[in-house]
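# Observations on chain architecture
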Amino acid sequence: MGAVKTKRMPRAVREQQMLDAAVETFGRRGYMAASMDEIAELAGVSKPLVYLYLNSKEDLFTACIRREARALVEAVRAGVRTDLPADRQLWEGLRAFFAHTAQHPHAWSVLHLQARTHGEPFAAEVAAMREEIVAFVTQLIAVAAREAHRNPDLPEREVAGLAEALVGAAESLAAWANATPGVTSHQAATTLMNFAWSGLGNLMNDRPWTAPAD
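Keep in mind it's a predicted model, so treat the numbers as computed, not measured.

### Topic: the overall build of the protein chain
Of the regular secondary structure elements, the protein chain holds nine helices and zero strands. In the protein chain, the succession of α and β elements from N to C terminus is α-α-α-α-α-α-α-α-α. For the protein chain, restricting intrachain contacts to residue pairs at least 6 apart in sequence, the fraction spanning at least 24 positions comes to 69%. In the form shown here, the protein chain has an accessible surface area of approximately 11900 Å², with 55% of it arising from carbon and sulfur atoms.

### Let's talk about the confidence of the model for the protein chain
Taken residue by residue, the protein chain gives an average pLDDT of 87. The fraction at 70 or more is 87%. Per-element confidence in the protein chain ranges from a low mean pLDDT of 83 for helix α9 (residues 185-204) to a high of 95 for helix α4 (residues 57-79).

### Things to note about the pattern of salt bridges
Under the counting rule described, the total for this entry stands at 14 salt bridges. E171 is the salt-bridge partner of R116, the closest N and O atoms lying 3.0 Å from each other. In this pair, R116 is assigned in the loop between α6 (105-114) and α7 (122-148) and E171 in helix α8 (residues 156-179), connecting sequence segments 55 residues apart. Among the residues examined, E171 registers a relative accessible area of 7% and is labelled buried.

### A look at the packing of aromatic side chains
Two measures describe an aromatic ring pair: the distance that separates the ring centres and the angle between the ring planes. Summed over all chains, the structure comprises seven aromatic pairs. Judged by centre distance (5.5 Å) and plane angle (85°), the rings of F97 and W108 are edge-to-face. Residue F97 is located in helix α5 (residues 86-103), and its partner W108 is located in helix α6; the two are separated by eleven residues in the primary sequence. Of the residues examined, W108 reaches a relative accessible area of 5% and is grouped as buried. The rings of F26, Y31, F61 and F122 are connected pair by pair, giving a single aromatic cluster. Directly above the aromatic system of Y31 lies the positively charged group of K57, at a separation of 4.8 Å from the ring centroid.

### Description of α5
For α5, built from 18 residues, the straight-helix expectation of 26 Å at 1.5 Å per residue is met to within 8% by its first-to-last C-alpha distance of 26 Å. Counting buried positions along α5 gives 13 out of 18 residues, so the element sits mostly inside the fold.

### As for the side chain of T62
Looking at where T62 falls in the secondary structure, it is placed in helix α4. If sequence neighbours within four positions are ignored, T62 has contacts with F122 and E125.

### Some words on α8
Residues that lie three or four places apart on an α-helix share one face, since the helix turns once every 3.6 residues. Taking 1.5 Å of rise per residue, the 24 residues of α8 would be expected to cover 34 Å, and the 35 Å separating its terminal C-alpha atoms lies within 8% of that figure. Among all positions of α8, only V159, A163, L166, V167, A170, E171, L173, A174 and A177 are buried.

### Observations concerning the nonpolar core
Counting residues in hydrophobic clusters, the biggest one holds 60 residues, and the most contacted among them are F26, L60 and F98. With residues near it in sequence (within four places) discarded, F26 still touches Y31, A34, I39, K57, L60, F61, C64, V110 and Q114.

### Remarks on the environment of E120
Residue position: E120 is located in the loop between α6 and α7. With relative accessibility at 60%, the residue E120 sits in the exposed group. Engagement of the side chain of E120 in a polar contact is seen with the backbone nitrogen of A124, the distance being 3.3 Å.

### A few points about the packing of α4 against α5
Two numbers describe how α4 lies on α5: the axes approach to 7 Å, and their chain directions differ by 145°. As α4 runs across α5, the sense of the crossing is right-handed. Taking contact as the criterion, the partners of A71, L72, A75, V76 and G79 in α4 are, on α5, E92, G93, A96, F97, H100 and T101. Across the contact of α4 with α5, the residue classes break down as six nonpolar, four polar and one charged.

What counts as what
Residues numbered from 1 in each chain as written. Predicted model: local features only at pLDDT ≥ 70, side-chain atom pairs only at ≥ 80, totals over all residues. Heavy atoms only, no water. Helix = DSSP H or I, 4+ residues; strand = E, 2+ residues; numbered from the N terminus. Contact = heavy atoms within 4.5 Å. Areas by Shrake-Rupley, 256 points an atom, 1.4 Å probe, with all protein chains shown as cover. pLDDT = per-residue confidence, 0-100. Salt bridge = Lys/Arg side-chain N within 4 Å of Asp/Glu carboxyl O. Buried < 20%, exposed > 50% of the residue type's maximum accessible area, 1.4 Å probe, protein only. Phe/Tyr/Trp six-rings, centres within 6.5 Å; stacked < 30°, edge-to-face > 60°. Lys NZ or Arg CZ within 6 Å of the ring centre and 35° of its normal. Expected span 1.5 Å × (residues − 1). Core = buried A, V, L, I, M, F, W, Y, C linked by side-chain atoms within 4.5 Å. Polar contact = N/O pair within 3.5 Å; in protein donor to acceptor, adjacent residues only side chain to side chain. Axes fitted to C-alpha atoms, helices over the stretch in contact; angles between N-to-C directions. Left-handed = near helix turned anticlockwise from the far one by under 90°. Nonpolar A, V, L, I, M, F, W, Y, C, P; charged D, E, K, R; others polar.

Written as structure tokens, this is what we have:
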């Protein structure tokens, strides 16, 4: 087989083309099974060119994680309008999250499954993204507590715990929704909103659930 012929194009454009092919390949086949030959063929370039641009399979995978993590965080932030009531802000954030993960299933597989199961430094890259999303959700919940007036001083640790629980639920639900035919991003966001806001609403209105005495 002859060498792949490539058209001349700006390096940045070519690199994104390679990353697109790599995300799809890693998402479909997994990190270990994916080959640089397959990625190069899908990108329409030679394997030496992939190595020239991105050094190694490990560096290529890291670049994919960073790009897709940044895109997900930006999508969630862009989906939230700060002039809306607290429940609408949370809804819009969830809807943006589920829409993005549904539209980019290979990217979500890379972030949620592949990166977390192949050790450092891949897991650390995803952890950094997750921390940013958790911080953003923490802020939304804190705003909701202030807006409720009845409980403006919700303990910081409790707010942080609620944000962790909500993000964890969103991650699991996104993986389930992508693997379940017929489940739309709107349905997934609605499911989690119904699950979360019923409890959050009671908490904001000073009606928390109380554990029974031992």
